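The lines below spell out each chain.
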Amino acid sequence: MADISFYTGEDIPLELHKVRIVQKLDLVPVERRAEAIREAGNNTFLLKNKDIFLDMLTDSGVNAMSDRQLAAMMIADDSYAGSATFTRLENKLEEIFGTKYFLPSHQGRAAENILAMTFVEKGSIIPMNYHFTTTKAHITRLGGSVVELITDEGVRLTSDNPFKGNFDLEKLEDLMKKEGKRIPFVRIEAGTNLIGGQPLSLENIISVADIAHKYKKLVVLDASLLQDNLYFIKTREESAKGLSIKDITKKIAEKMDIIYFSARKLGFARGGGISLHDRNLYLKMRELVPMFEGFLTYGGMSVREMEAMTVGLDETMDESVISQGPLFIKYMTDELVKLGVPVVTPAGGLGCHLDASRFIPHVRQEEYPAGALAAALYIAGGIRGMERGTISEQREEDGSEHLASVELLRLALPRRVFTLSQVKYAVDRIKWLYDHRDIVGGLRFVEEPSSLRFFFGRLEETSPWQDKLVKAFREDFKDSL
Ligand SMILES: *Cc1c(COP(=O)(O)O)cnc(C)c1O
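What comes next concerns the included structure. Being a predicted model, the structure only gives us computed values, none of them experimental.

### Points about the overall build of the chain
Then comes step 1: From N to C terminus, the chain includes 19 helices and 14 strands.
Then comes step 2: Relative to the compact-globule value of 23 Å for 481 residues, the chain shows a C-alpha radius of gyration of 22 Å, a close match.
Then comes step 3: Here the chain, with 481 residues, has 59% of them falling under the buried criterion.
Then comes step 4: Within the chain, contacts between residues separated by at least 24 positions form 72% of all contacts whose residues are at least 6 apart in sequence.
Then comes step 5: Counting only carbon and sulfur atoms, one obtains 51% of the accessible surface of the chain, whose full area is about 20,200 Å².
Then comes step 6: With 62 positive and 70 negative side-chain charges, the chain shows a spacing of 2 Å between the two charge centroids.

Right, dumping it as structure tokens:
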């Protein structure tokens, strides 16, 4: 997606691709939507796809593939060992990251498992800009802990700071001095997922690596959301404007000891792996791959997906390909800001994030505003988002509720999947819901699993607000869906 301006002055992103395969969508009536969300226990993870119009749950494994990716899948080499498909993928990673070695894994969290089992022990501390759910789970499972070193600006919901994912370098130095012995590596998460897909600057990434190396620590990059971060460096960082996406990637990669990624995001396919420069580190981790993933030349992935990933990684180096996600997200975020709807700013990668605490301030945190907003938006528009608030937390050991620091509804925009009119529709229904926000009430658990409750938990409304919402919708939309 290039910077193409319109004669009439309209400011909209222009797609530089055409659609050649489509999937039919249905929008079921609002009455059915209210029934469906009740059947799903007010948990959007439990909705059935036939009831969903716009699936904005996640960007994981649901990005559109290119014609070149689909074509490459046809030449995949299925050999158990020595697959030519693996060699092509390994070579592509060497081309873009300069890394000589690659360990395949079935997805991102499997790479995290291998890293944690190799480097984390009881008492280890892993500094990072911000945690990701699966990363933290693997580290704490082995008795380690996570220390977040994001700048104060990073957790402010509304801001114009272009690099909210940056590390606070002073905090990193201090931690190195105080706890250096317990730190096996520093983890940098590109395109910081849980704070709204917010990037780090190239300058910050390099400084973090230099500090870590000064204290003789490894530097690990979680590159799952690197593609958005690359685009933001290119467009937001003055000193990087003259660099190509390939140059920026090289500059980052040469500073890293280990780069791992979820190819459900990076590379527009499904899978993952670990890329690295050093043979000794490679040998240290290698034996875990056949034990937990699969043989070294597929690591639990389908070879077809690996071919698609190789091409997808190549296409990731093309600015006009990777700009699509951020530009659509910016469009959606800007439109909502214009309409006065509370959203996280500046727009990041991954998706648009509604701030449920300001959207429905009358719903107490104990009644899960982000979860209630997710249910309400599904009723209002058949749009499925993901709760990122207190429901996504775990209770304390004494059973009390751990209130999340932010209550967000994440509306992911899988890359190249939605059209601009679909995004406009989402904005329209969000605005309608905002104008009827007083109707929206809270939720309470009726079935609460003891771990990962956001995946399987079931909730009900704390007062009969959902029927009122359906009634208000019918009054305004008459016969329209
Ligand atoms: C998705 C993601 C992971 C985990 O990858 P999976 O393929 O879902 O296992 C790790 N880190 C970040 C930043 C992610 O976005």
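Next comes the rest of the write-up.
### Let's talk about the site of the ligand
Then comes step 1: The environment of the ligand is made up of 14 residues, and the closest members are Gly 108, Arg 109, Asp 222, Ser 262 and Lys 265.
Then comes step 2: Here Gly 108 contributes a backbone N or O atom positioned 2.9 Å from an oxygen atom of the ligand.
Then comes step 3: For the ligand, an oxygen atom lies 2.9 Å from a polar atom in the side chain of Asn 193.
Then comes step 4: For the ligand, the protein covers 98% of the area, taking 380 Å² as the surface of the free molecule.
Then comes step 5: In terms of residue count, the dominant contributor to the shell around the ligand is helix H4 (residues 108–119) (three residues).
Then comes step 6: Tallied by class, residues from the shell around the ligand come to two nonpolar, six polar and six charged.

### Observations regarding the side chain of Thr 118
Then comes step 1: Tracing the backbone through its elements, the reader meets Thr 118 in helix H4.
Then comes step 2: Under the relative-accessibility criterion, Thr 118 is labelled buried at 19%.
Then comes step 3: One polar contact links the side chain of Thr 118 to the main-chain carbonyl oxygen of Ile 114, over a distance of 2.7 Å.
Then comes step 4: Setting aside anything within four residues of it in sequence, one finds Thr 118 in contact with Lys 284, Met 285 and Leu 288.

### Quick notes on the packing of helix H16 (residues 369–381) against helix H17 (residues 420–435)
Then comes step 1: Running from N to C, H16 and H17 point in directions that differ by 115°, and their axes come no closer than 9 Å. For the pair H16 and H17, the crossing hand works out as right-handed. Where H16 abuts H17, its residues Leu 373, Ala 376, Leu 377, Ala 380 and Gly 381 lie against Tyr 425, Arg 429, Ile 430, Trp 432 and Leu 433.
Then comes step 2: The class makeup of the residues in the contact of H16 with H17 is eight nonpolar, one polar and one charged.

### A short note on the packing of aromatic side chains
Then comes step 1: Applying the stated criterion across every chain, the model contains 17 aromatic pairs.
Then comes step 2: Geometrically, the ring pair formed by Phe 455 and Phe 456 is tilted, given 5.9 Å between the ring centres and 45° between the ring planes.
Then comes step 3: Phe 455 sits in the partly exposed class, given a relative accessible area of 28%.
Then comes step 4: When its relative accessible area of 55% is taken as the criterion, Phe 456 is described as exposed.
Then comes step 5: The residue whose ring lies beneath Arg 416 is Phe 268, and the NZ or CZ to ring-centre distance is 4.2 Å.
Then comes step 6: Above the face of the Tyr 434 ring, Arg 437 is positioned so that its terminal group lies 4.0 Å from the ring centre.

### A few points about helix H12 (residues 303–316)
Then comes step 1: An ideal rise of 1.5 Å per residue puts 20 Å on 14 residues; H12 measures up with 20 Å between its terminal C-alpha atoms.
Then comes step 2: Within H12, twelve of the 14 residues are buried, which leaves it mostly tucked inside the rest of the structure.
Then comes step 3: All of the buried residues along H12 are Val 303, Glu 305, Met 306, Glu 307, Ala 308, Met 309, Thr 310, Val 311, Gly 312, Leu 313, Glu 315 and Thr 316.

### Quick notes on unusual backbone geometry
Then comes step 1: Note the cis peptide between Thr 345 and Pro 346, where omega equals -5°.
Then comes step 2: Of note, Pro 346 is situated in the loop between helix H14 (324–338) and strand E9 (351–355).
Then comes step 3: Its identity as a non-glycine residue notwithstanding, Asn 42 has a phi of 55°, on the positive side.
Then comes step 4: Judged by relative accessible area, which is 6%, Asn 42 ranks as buried.
Then comes step 5: Positive phi, close to 50°, is recorded for Phe 268, a residue that is not glycine.
Then comes step 6: Among the residues examined, Phe 268 registers a relative accessible area of 2% and is labelled buried.

### Regarding the side chain of Thr 316
Then comes step 1: Structurally, Thr 316 can be placed in helix H12.
Then comes step 2: Among the residues examined, Thr 316 registers a relative accessible area of 2% and is labelled buried.
Then comes step 3: In this view, Thr 316 contacts Gln 227, Ile 245, Leu 266, Gly 267, Phe 268 and Ile 322; residues no more than four positions away in its chain are not counted.

### Section: the nonpolar core
Then comes step 1: Judged by nonpolar contacts, the single largest core of 64 residues is most densely connected at Met 332, Leu 354 and Leu 433.
Then comes step 2: Looking at this core, the element that brings in the most residues is H16, giving ten residues.
Then comes step 3: Excluding residues within four positions of it along the chain, Leu 354 makes contact with Leu 336, Val 341, Pro 342, Val 343, Phe 359, Leu 373, Glu 407, Leu 408, Leu 409, Leu 411 and Ile 430.

### Quick look at the packing of helix H3 (residues 84–97) against H12
Then comes step 1: Here H3 crosses H12 at 25°, and the two axes come no closer than 9 Å. Here H3 lies roughly parallel to H12, going by the angle between them. When you trace H3 past H12, the crossing you get is left-handed. Within the contact between the two elements, H3 uses Thr 85, Phe 86, Arg 88, Leu 89, Lys 92, Leu 93, Glu 95 and Ile 96 and H12 uses Val 303, Met 306, Glu 307, Met 309, Thr 310, Leu 313 and Asp 314.

### Remarks on the environment of Thr 419
Then comes step 1: Turning to its location among the elements, Thr 419 is positioned in the loop between strand E12 (408–412) and H17.
Then comes step 2: C-alpha separation for the pair Thr 419 and Thr 390, spaced 29 residues apart in sequence, amounts to 32 Å.
Then comes step 3: Engagement of the side chain of Thr 419 in a polar contact is seen with the side chain of Ser 421, the distance being 3.3 Å.

### Remarks on the sheet that holds strand E11 (residues 386–388)
Then comes step 1: Ordered by their spatial adjacency, three strands build an open sheet running E9-E12-E11, and the pairing between neighbours is antiparallel. Two strands close off the open sheet at either side, each with one partner strand: E9 and E11. The sheet shows a mean angle of 30° between the axes of neighbouring strands, direction not considered.
Then comes step 2: Sheet topology places E9 next to E12; five bridges connect them, and they run antiparallel. By the bridge assignment, Gly 351 is partnered in E12 with Ala 412.
Then comes step 3: Across the sheet, H16 lies against E9, E11 and E12, angled at about 45° from E12, the strand it touches most.

Calculation rules
Residues numbered from 1 in each chain as written. Predicted model: local features only at pLDDT ≥ 70, side-chain atom pairs only at ≥ 80, totals over all residues. Heavy atoms only, no water. Helix = DSSP H or I, 4+ residues; strand = E, 2+ residues; numbered from the N terminus. Rg over C-alpha atoms; globule rule 2.2 N^0.38 Å. Buried < 20%, exposed > 50% of the residue type's maximum accessible area, 1.4 Å probe, protein only. Contact = heavy atoms within 4.5 Å. Areas by Shrake-Rupley, 256 points an atom, 1.4 Å probe, with all protein chains shown as cover. Lys, Arg positive; Asp, Glu negative; His and termini not counted. Charge placed at Lys NZ, Arg CZ, Asp CG, Glu CD. Near = heavy atom within 4 Å. Polar contact = N/O pair within 3.5 Å; in protein donor to acceptor, adjacent residues only side chain to side chain. Nonpolar A, V, L, I, M, F, W, Y, C, P; charged D, E, K, R; others polar. Axes fitted to C-alpha atoms, helices over the stretch in contact; angles between N-to-C directions. Left-handed = near helix turned anticlockwise from the far one by under 90°. Phe/Tyr/Trp six-rings, centres within 6.5 Å; stacked < 30°, edge-to-face > 60°. Lys NZ or Arg CZ within 6 Å of the ring centre and 35° of its normal. Expected span 1.5 Å × (residues − 1). Core = buried A, V, L, I, M, F, W, Y, C linked by side-chain atoms within 4.5 Å. Parallel < 35°, antiparallel > 145°, perpendicular 65-115°, else oblique. Pairing = 2+ DSSP bridges.

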